Each structure stands twice: as C-alpha cells, then as structure tokens.
Amino acid sequence: MARTTAEIKKQMTDAFMADETLREKYGLEQDATWNDSFSSVSFENILLFIVAACCHVLELLMDQYLKDVNDKIASAVVASVPWYYKKALEFQWGDPLVLNETTLQYEYEKTDESKQVVKYAAVRDKGTCVQILVSGESNGAPAALSNDVLTVFKQYMNRVKVAGVVLNINSRNSDHLQLFATITIDPLVLNTQGELHNDGTKPVESAIADYLKNIVYGGTFNKTRLVDAIQNAEGVLDVELGECMYMADGEESYTTISGNNYVGVSGSYVADELANTLVYVVQN
C-alpha cells in the first residue's frame with residue numbers, strides 16, 4: 001500500500017537528522033529537530049518534499065499495476081484440481097448462470113450461501129477425465145445429493161468447465177466399514193462392554209467415529225491411524241486389530257480390505273456394528 005507524501009518525507013527527515021555528518025555540516029544541536037532547524041520554504045524542505053511526492057506517485061502507480069495484474073489473474077480460467085474443487089462448492093441450487101462478457105465465464109449473478117447445497121467435494125485428476133465426488137450434509141456428516149440436485153449439479157459443472165474436459169461426477173452415501181479388534185482395557189476405567197465406569201460412555205467407539213469423521217473428504221482410511229486413535233482412547237492399554245472390511249454404497253456385501261489403506265468410492269466413511277465387532281479383554 002502506497003505511503004503518503006508526509007510519511008515518506010518524515011522517514012527522509014528522520015534519516016537526515018540521524019546522520020552525524022550532516023548534523024556537523026549544518027551545525028545542528030544534538031536535540032534539534034527538523035522543523036526547528038529548517039523553515040517550510042527552505043531549499044532542503046522543498047527538495048525533500050518534491051522527492052517524497054515523486055515517491056508517493058510511484059508507489060500509487062505500483063499499487064494500481066499490482067491490482068491490474070491480480071484482476072487479470074482472477075479473470076483467467078486456471079482449470080486445475082483446486083479450481084474444479086472451488087467451482088463445485090460454489091454451486092447454488094435453483095439459480096441460473098449468466099455469462100460474464102468480460103471474462104467469458106459462466107457465473108452466478110449474486111452469491112447466496114444459503115443455496116450452496118454442496119458441502120463436501122473431492123476432485124481427482126484421472127488423466128482421461130476429472131473425477132468429482134460431492135456430498136451435501138445431514139446431521140453434521142456427508143450425505144449423498146438427491147438425484148434431482150445431482151442432475152442439476154452435473155449440468156452446472158458441464159457449463160462452467162473448460163471445453164473438452166470429461167467430468168465423472170458422483171454423489172454417494174458413505175462407505176460402510178466393519179472393524180474387528182481385540183482391545184485390552186484397564187478394568188479400573190472400563191468394563192468389558194467398553195463403557196466408562198463413571199458415566200457409561202464408550203470412548204473407543206467415540207474415538208473410531210471421530211477418526212473416520214476427521215478423514216478429509218475423499219481421503220484414505222488407514223489401519224495404522226485407526227489403531228492410534230483407539231490406543232489414545234481413555235482406558236485402553238493395547239489394541240490388536242483384526243479384519244477390516246468395507247461395503248460401498250449400492251453394494252450388498254462386505255469386502256476385506258487388503259493392505260493398510262482403503263480409498264472409499266464415496267469420499268467418507270462410517271463404522272457399522274462396533275458393539276459386535278470390538279472385543280474388550282482384561283490382561284491377566
């Protein structure tokens with residue numbers, strides 16, 4: 001941001017008065033100030049004012065130049081993964097798009113966050129296409145868009161996308177997980193149903209739910225991080241993770257997760273029947 005002429009001039013006069021050689025040449029006392037030493041019509045005062053005014057104008061020109069460059073960048077379509085992610089979240093249910101004659105991009109006439117029904121998005125560049133996963137929200141968790149909303153969203157993305165790019169757009173309910181584990185507990189803190197003695201809550205189940213909820217939408221389920229989450233739950237001494245299985249939205253049976261990671265097709269995860277798949281034991 002451009003400094004004022006007065007600000008620039010003061011920096012110059014402060015530097016002048018701090019220079020011991022100049023003070024000696026002008027015969028200035030140690031406690032003398034610029035205003036006490038030079039009149040407003042003195043050659044020095046006028047010269048520094050002219051230089052400060054020129055600097056001020058130059059800084060104004062640079063500010064305007066930077067603004068013009070930033071506006072140019074903002075108006076350009078950079079069809080990167082983050083750009084598609086941003087456009088997905090900008091979708092407004094029920095509003096028409098208008099063509100901006102300056103940028104030649106389709107956009108909404110007015111931003112209305114109350115109509116932005118896409119709350120979660122994940123974009124993956126698959127080489128031959130751009131895969132976009134989206135979800136709405138229900139009770140603070142991702143939920144699949146209705147068919148009506150998804151159809152309109154696809155039309156919106158095909159309107160704003162770069163010509164020639166193939167989009168693969170889906171919205172599905174969370175992948176279901178079955179997680180089997182044997183958990184060694186501190187019997188002074190937990191009972192063999194995994195409940196805290198003091199309030200009856202289940203810290204292990206809460207820890208698992210929190211871990212799954214905090215996986216970034218479109219991210220990867222990781223067995224090691226699951227064990228870490230369980231291990232950090234109150235009253236847990238040790239964890240032996242057993243089989244982990246998944247069932248994607250639309251499937252009717254579970255499939256064993258091979259390896260340490262699983263990338264869900266929906267972008268989010270929920271655990272099923274933890275009361276039946278977690279076994280709590282007391283170490284002998």
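Here, every reference points to the structure presented above.
Everything numeric in this text was worked out from a predicted model, so none of it was measured.

Participant: Explain the pattern of salt bridges to me, please; I cannot follow it from the model alone.
Facilitator: Side-chain pairs of opposite charge can arise whenever the charged atoms involved come near each other. Taken as a whole, this structure holds 6 salt bridges when the rule is applied. Residue Asp14 pairs with Lys10 through a salt bridge whose shortest N-O separation is 2.9 Å. Here Lys10 and Asp14 lie together in helix α1 (residues 5-18), a separation of 4 residues that amounts to about one turn. Under the relative-accessibility criterion, Asp14 is labelled partly exposed at 40%. When salt bridges with common partners are traced through the structure, they connect Lys86, Lys87 and Glu90 into a single cluster.

Participant: Where do I start with the packing of aromatic side chains in this structure?
Facilitator: What describes a pair of aromatic rings is the distance from one ring centre to the other and the angle between the planes of the rings. One pass over the structure, following the stated rule, counts 15 aromatic pairs. Their ring planes at 85° and their centres at 5.7 Å tell us that Phe16 and Phe38 sit as a pair that is edge-to-face. Highlighted residues: Phe16 in helix α1 and Phe38 in the loop between α3 (34-37) and α4 (43-75), separated in sequence by 22 residues. For the pair Phe16 and Phe38, one class covers both residues: buried. Where Tyr26 meets Phe38, the ring centres are 5.4 Å apart and the plane angle is 75°; that geometry is what we call edge-to-face. Here Tyr26 is found in helix α2 (residues 20-26), whereas its partner Phe38 is found in the loop between α3 and α4, with 12 residues between them in sequence. Take Tyr26: its relative accessible area is 38%, and that puts it in the partly exposed class. Among the aromatic side chains, those forming a connected cluster through ring pairs are Tyr211, Phe221, Tyr246, Tyr262 and Tyr269. The cationic tip of Arg159 hangs over the ring face of Tyr106; the distance from NZ or CZ to the ring centre is 5.4 Å.

Participant: I'm lost on the packing of helix α5 (residues 81-89) against helix α6 (residues 147-160) in this one. Help?
Facilitator: Each pair of packed helices gets described by two things: the angle between the helix axes and the distance between those axes. Packing of α5 against α6 brings their axes to within 10 Å, and their N-to-C directions diverge by 135°. The angle between α5 and α6 places the two elements in the oblique class. Relative to α6, the crossing made by α5 is right-handed. Taken together, the residues of α6 that come into contact with α5 (itself represented by Trp83, Tyr84, Lys87 and Ala88) are Phe153, Tyr156, Met157 and Val160. Residues that form the contact of α5 with α6 fall into these classes: 7 nonpolar, no polar and 1 charged.

Definitions and cut-offs
- Residues numbered from 1 in each chain as written.
- Predicted model: local features only at pLDDT ≥ 70, side-chain atom pairs only at ≥ 80, totals over all residues.
- Heavy atoms only, no water.
- Salt bridge = Lys/Arg side-chain N within 4 Å of Asp/Glu carboxyl O.
- Helix = DSSP H or I, 4+ residues; strand = E, 2+ residues; numbered from the N terminus.
- Buried < 20%, exposed > 50% of the residue type's maximum accessible area, 1.4 Å probe, protein only.
- Phe/Tyr/Trp six-rings, centres within 6.5 Å; stacked < 30°, edge-to-face > 60°.
- Lys NZ or Arg CZ within 6 Å of the ring centre and 35° of its normal.
- Axes fitted to C-alpha atoms, helices over the stretch in contact; angles between N-to-C directions.
- Parallel < 35°, antiparallel > 145°, perpendicular 65-115°, else oblique.
- Left-handed = near helix turned anticlockwise from the far one by under 90°.
- Contact = heavy atoms within 4.5 Å.
- Nonpolar A, V, L, I, M, F, W, Y, C, P; charged D, E, K, R; others polar.

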